[in-house]
Amino acid sequence: MAPAIPVVIEARGLGKIFSVERAPIVALQDISFAVPEGRFVSLVGPSGCGKSTLLQMLAGLVPSTTGEVLVDGAVVRRPIPEKISVMFQDATLLPWKRIAENIEFPLEIAGVPAAERHARAAGMLALVGLSEFAERYPHELSGGMRQRIAIARGLAPNPRILLMDEPFGALDEQTRIKMGHELLRIWAKTKKTIFFITHSLTEALFLSDIVLVMSHRPGRIVGVIDAALPRPRTYDIIGSAEFGAVRNRIWKLISQDDTEAGETGMASL
Amino acid sequence: MSVRRLIVIVIALGVWEAVRRFNLVGPLLLASPSEIVAALVKSWPDYLVALRFTVSEIVIALAFAWALGIGAGVVAGVRPFFGAVSGPLLSSLFAVPLITWYPLFMVWFGIGMASKIAYAVVSGFFPIAINTMNGVRGVDPHYFVFGRAIGCSRLQVVLRILLPMAMPSIASGLRIGTALVVIGVIVAEMLASLGGVGYQISYYQSVYQTGHVYLGILFALACALAANWGLSVIERRFTHWRELQIGER
Amino acid sequence: MKPSVLAAQAAFVLFVIGAWEYGDAVGLFDPKILPPPSQVAVALKGLLQSASFLGDAADTIVRVIAAFLIGAPIALATGFVMGENLDVGRSLSPIFNLVLAVPQSIFLPIFVLVFGLGFTEKLIFGITHVFFVVAINAAAAVREVPHGQVLLARSFGAGRFKIYRSIYMPAMAPQVMTGLRLGIIFDIIGILLAEMYASRSGLGVLLLRWGESYAVDKLMAATVLISLVTILINELMRVFEHRIGRWRQAMA
């Protein structure tokens, strides 16, 4: 990693222990990584490995049992909406508000004056290419469009970091690919730092600069893959030999971890 | 359609009137439309006083039942443990014939307005609380996380996100609860009171003025219908997005 | 249910009773207005040994049971016809929904005018409380019957009686039970209300009389007793309902 780029968000020895019926379960263990400014970082791992918990810890929404999260060098203890926006698999739009009002909602909570709110919402709608839907309601939009609105809403407060928790997980394959392109376009334009969770290796690799690979129970980072494929990327890249080679490396990391856990799980306890 | 309905109503009223005119049913059992109108003409000022009494009880009881019901429902919905503890208790309590508690309310709050209000609040409270709890629990938890992530305080999360999201369910709770409040006030007045529409009904019954009894029942029904109508206006205002949504599918 | 939840529920109930007793002991409550649980228990014991109280209770119970025994079968038959015969169902269900939406208790004075003060008036008022909720649920239960299975059974030559017994009954049972449970609760409410409004005997009369004469310990004892009995009936029928439902799920 080039040392010249400053680190925006950093995890230091993060761990999370849940107690279920008085039995402690180690969900996350000793997770450390740093995300440089403006990079697209993905986290892949099997479902239930604690990816979402990790994301919510990064956002200051869930306290960690051990370790700490730093944003711009300061420890995160509570949500910092001016620096971090969070997105989920469901767009979580408010169904009784028009699209423009939905984008303005976080600004309203932050106390931004009405005139500026309107201007920013209009700008964000133009960015995601849905200006003509400003006065519509969420249910009038397709799933993909709703996610684009969620991106616009996330970007409206002009945060430094976008945390995305499987944002395209509920979409069909075609829409998902289109949304990937769209996200890359928006990312190139806004130069935000993106931390993106997915369980699709292809999606992670297609989108990211860096792919973090996570294991299951306890959730640990088992590999950091530098996905230095050329940009701008098109769909063709997925078929390339280079892409396949890197994807196989990730796959091996994940599957190896599975068998290891199965055979040596008892010993490690 | 409306003309036909009008004709049906006119015929029904005519038959009703005829039944009494030809004395097919005794004067103590049934009052004819003309007798009810006569009762209204004769003692409308009394009924106006009674109506004002009853309506003010209903309004006060509604304010308490709505506030307490929604408040308790939100707390039980947001705190899963509280909800798990109180949920079964609430639905067991649903079986209790609340009317049997009214004499106790008389002892505790006197025979005036307060005992009617207390009884009506208790009977309206449960459906509102249960529906609010279910509505809040039904909200995708990501909305809660989203709200906190954009910097909402807990109160803002509840008022600006959870309550509107749960509105369709809350509205149906309010509908049931409001009906129970209105009926609760009037029935309590019928059992023991010093004034109000329900008092009129049971007073005139005890002096065998059948026309006035029917008139009182019509006033009581009017209260119930008015509350129901007012509520559906509010409901449409707050949940129109939901109807649009369902219409789409 | 988790043990911690049950413990919290028990703790809550015990806390209320304890606080109530303690409040009276330290003079926080006026025992003339809110007698302590111990005093209520004594009053309850007295009531259960008093022949006149038991006589009134018997009157109420007879009314409730009679209304249920007459109302429920008629309602089940009506509901079944409504569910099976779509034309009948379509023409009757708006009326039923209207009646359920309009509060029956307001019409109690008319029942008194028409049927007088005696047993008949209470019986009929009780029957109307049982009838509609049971009928609507029975009609809804018919819709639970798997029509594919009925066709299949018919194609194998199963007779009408056999189809009713082996397909209709198990499919309809849970929803019918829900209706019956609500029916008996509405029945109890209706009878007690009718007794409180105007009657010569029954628990409702006692309650109102004790309320007006500030006989608080007896009033409280009777109120708590009635509440506990209805909760018990409701919970027993709910357990039964769930058991039937589970058996049906296992079949499917």
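Model, not experiment: these values are computed from the prediction.

Let's shift gears to the overall build of chain B. Looking only at helices and strands, chain B features ten helices and zero strands. Along chain B, helices and strands appear, N-terminal first, in the series α-α-α-α-α-α-α-α-α-α. Expressed along its principal axes, the backbone C-alpha trace of chain B runs to roughly 75 × 50 × 30 Å. Taking all 249 residues of chain B together, the buried fraction comes to 48%.

Take the overall build of chain C next. Scanning chain C for helices and strands turns up ten helices and zero strands. Mapped in sequence order, the helices and strands of chain C form the string α-α-α-α-α-α-α-α-α-α. For chain C, whose C-alpha radius of gyration is 23 Å, the value lies well above the compact-globule estimate of 18 Å for 252 residues. Seen through its principal axes, chain C has C-alpha atoms that stretch 75 × 55 × 30 Å.

Ranked by size, the top nonpolar core spans 206 residues in total, and within it Leu58, Leu163 and Val211 of chain A, Val182 and Ile186 of chain B together with Val134 of chain C carry the most contacts. Among the elements that take part in this core, helix α8 (residues 160-197) of chain C stands out by supplying 18 residues, more than any other. Here Leu58 of chain A is in contact with Ile9, Ala11, Val69, Leu163 and Phe195 of chain A, once residues within four sequence places are set aside.

Attention now moves to the interface of chain B and chain A. At the interface, 17 residues of chain B touch 17 residues of chain A. For the side of chain B that touches chain A, the secondary-structure elements that each account for two or more residues are α6 (141-149), α7 (154-165) and α10 (210-248) of chain B. Examining the composition of the side of chain B that touches chain A, we find that six residues originate from one element, α6 of chain B, more than from any other. The residue inventory of the side of chain B that touches chain A, partitioned by class, reads ten nonpolar, four polar and three charged.

Moving on: the packing of helix α2 (residues 99-110) of chain A against helix α3 (residues 114-127) of chain A. All names here are of chain A. One way to put it is that α2 packs onto α3 with a least axis distance of 9 Å and a crossing angle of 125 degrees. If you check the angle between α2 and α3, you find them oblique. Along this stretch, α2 crosses α3, giving a crossing that reads as right-handed. Facing Ala100, Ile103, Glu104, Leu107 and Glu108 of α2, the residues of α3 in contact are Arg117, Arg120, Ala121, Met124 and Leu125. Here the residues of the contact of α2 with α3 are counted per class, giving six nonpolar, no polar and four charged.

Turning our attention to the sheet that holds strand β2 (residues 23-36) of chain A. Residue and element names in this part refer to chain A. What the four strands build is an open sheet, ordered β2-β1-β4-β5; its pairing is antiparallel. The strands lining the two open edges of the sheet, one partner per strand, are β2 and β5 (74-75). Judged from the two bridges that link them, strand β4 (residues 66-71) and β5 form a sheet pairing that is antiparallel. Note that in β5 the partner of Val71 across the bridge is Ala74. Its contacts with the sheet put helix α1 (residues 51-58) on β1 (7-20), β2 and β4, and the angle it makes with β1 is roughly 125 degrees.

Attention shifts here to the domain arrangement of chain C. All names here are of chain C. Looking at the assigned domains, one finds that chain C contains domain 1 (1-30) and domain 2 (35-251). Each of domain 1 and domain 2 has a C-alpha centre, and the two are 31 Å apart. Domain 1 puts five residues into the contact, and the matching count from domain 2 is four residues. Grouping the constituent residues of the side of domain 1 that touches domain 2 by class yields three nonpolar, no polar and two charged.

Take the sheet that holds strand β3 (residues 40-44) of chain A next. Residues and elements named next belong to chain A. Taken in spatial order, the six strands of this open sheet run β6-β7-β8-β3-β9-β10, and their pairing is mixed. The open sheet has two free edges, formed respectively by β6 (84-87) and β10 (221-226), since each of these has just one partner strand. Within this sheet the neighbouring strands show an average axis-to-axis angle of 15 degrees, counted without direction. Pairing of β6 with strand β7 (residues 161-165), which is carried by four bridges, proceeds in the parallel orientation. Residue pairing in the sheet places Ser85 in a bridge with Leu162 of β7.

Residue and element names in this part refer to chain B. Domain annotation for chain B reports domain 1 (1-30) and domain 2 (31-248). Listed per partner, the contact involves eight residues of domain 1 and seven residues of domain 2. A class-by-class count of the residues in the side of domain 1 that touches domain 2 yields five nonpolar, no polar and three charged.

What follows is about the interface of chain B and chain C. The interface of chain B with chain C comprises 33 residues on the first partner and 37 residues on the second. Of all the secondary-structure elements, those providing two or more residues to the side of chain B that touches chain C are α3 (80-93), α4 (102-109), α8 (167-191), α9 (197-206) and α10 of chain B. The residue inventory of the side of chain B that touches chain C, partitioned by class, reads 28 nonpolar, five polar and no charged.

Another point: the packing of α4 of chain B against helix α5 (residues 113-137) of chain B. Residues and elements named next belong to chain B. The N-to-C vectors of α4 and α5 enclose an angle of 135 degrees; their axes lie 8 Å apart at closest approach. The pairing of α4 with α5 is recorded here as oblique in orientation. Here α4 runs over α5; the crossing is right-handed. From α4, Tyr102, Phe105, Met106 and Phe109 reach across to α5, where they touch Ala114, Ser115, Ala118 and Tyr119. Across the contact of α4 with α5, the residue classes break down as seven nonpolar, one polar and no charged.

Of note, Val136 of chain B is situated in helix α5. For Val136 of chain B, a count of 24 C-beta atoms within 10 Å gives the class buried.

Along the chain, the position of Val96 of chain B falls in the loop between α3 and α4. The exposure class assigned to Val96 of chain B is buried, which follows from the 23 C-beta atoms found within 10 Å. For the pair Val96 of chain B and Val8 of chain B, spaced 88 residues apart in the sequence, the C-alpha separation amounts to 41 Å. If near-sequence neighbours (up to four positions away) are discounted, Val96 of chain B is found in contact with Ser227, Thr230 and Ile231 of chain C.

What counts and how
- Counting of residues starts from 1 at the beginning of each chain's written sequence and follows it residue by residue.
- All chains are assigned letters beginning with A, and all ligands numbers beginning with 1, in the order in which they are written.
- Whole-chain, interface and lining totals are the exception, using all residues; otherwise, since this is a predicted model, local features are given only for residues with pLDDT of at least 70 and side-chain atom pairs are given and counted only at 80 or more.
- Think of it this way: any DSSP run of H or I at least four residues long counts as a helix, any run of E at least two long counts as a strand, and we number them from the N terminus.
- Partly exposed residues are those falling between the two cut-offs: more than 12 but fewer than 20 other C-beta atoms within 10 Å of their own, whereas 20 or more means buried and 12 or fewer means exposed, with C-beta atoms placed from the backbone.
- The reference for a compact globule is 2.2 Å times residues^0.38; the radius of gyration itself is calculated from the C-alpha atoms.
- We define the nonpolar core as any set of buried residues of the types Ala, Val, Leu, Ile, Met, Phe, Trp, Tyr and Cys, connected via C-beta atoms lying within 7 Å of each other.
- Contact definition: two residues whose C-beta atoms, as placed from backbone geometry, lie within 7 Å.
- When residues are grouped by polarity, Ala, Val, Leu, Ile, Met, Phe, Trp, Tyr, Cys and Pro land in nonpolar, Asp, Glu, Lys and Arg in charged, and all others, Gly among them, in polar.
- Fitted lines through C-alpha atoms give the axes, limited to the stretch in contact for helices. The angle between two N-to-C directions lies from 0 to 180 degrees.
- For classification purposes, angles smaller than 35 degrees are called roughly parallel, those larger than 145 roughly antiparallel, those between 65 and 115 roughly perpendicular, and all remaining angles oblique.
- Here a crossing is called left-handed whenever its near helix is offset anticlockwise from the far helix by less than a right angle, and right-handed whenever the offset is clockwise.
- DSSP calls a pair of strands paired once it identifies at least 2 bridges connecting them.
- Domain boundaries shown here were taken from an automatic or database domain assignment.

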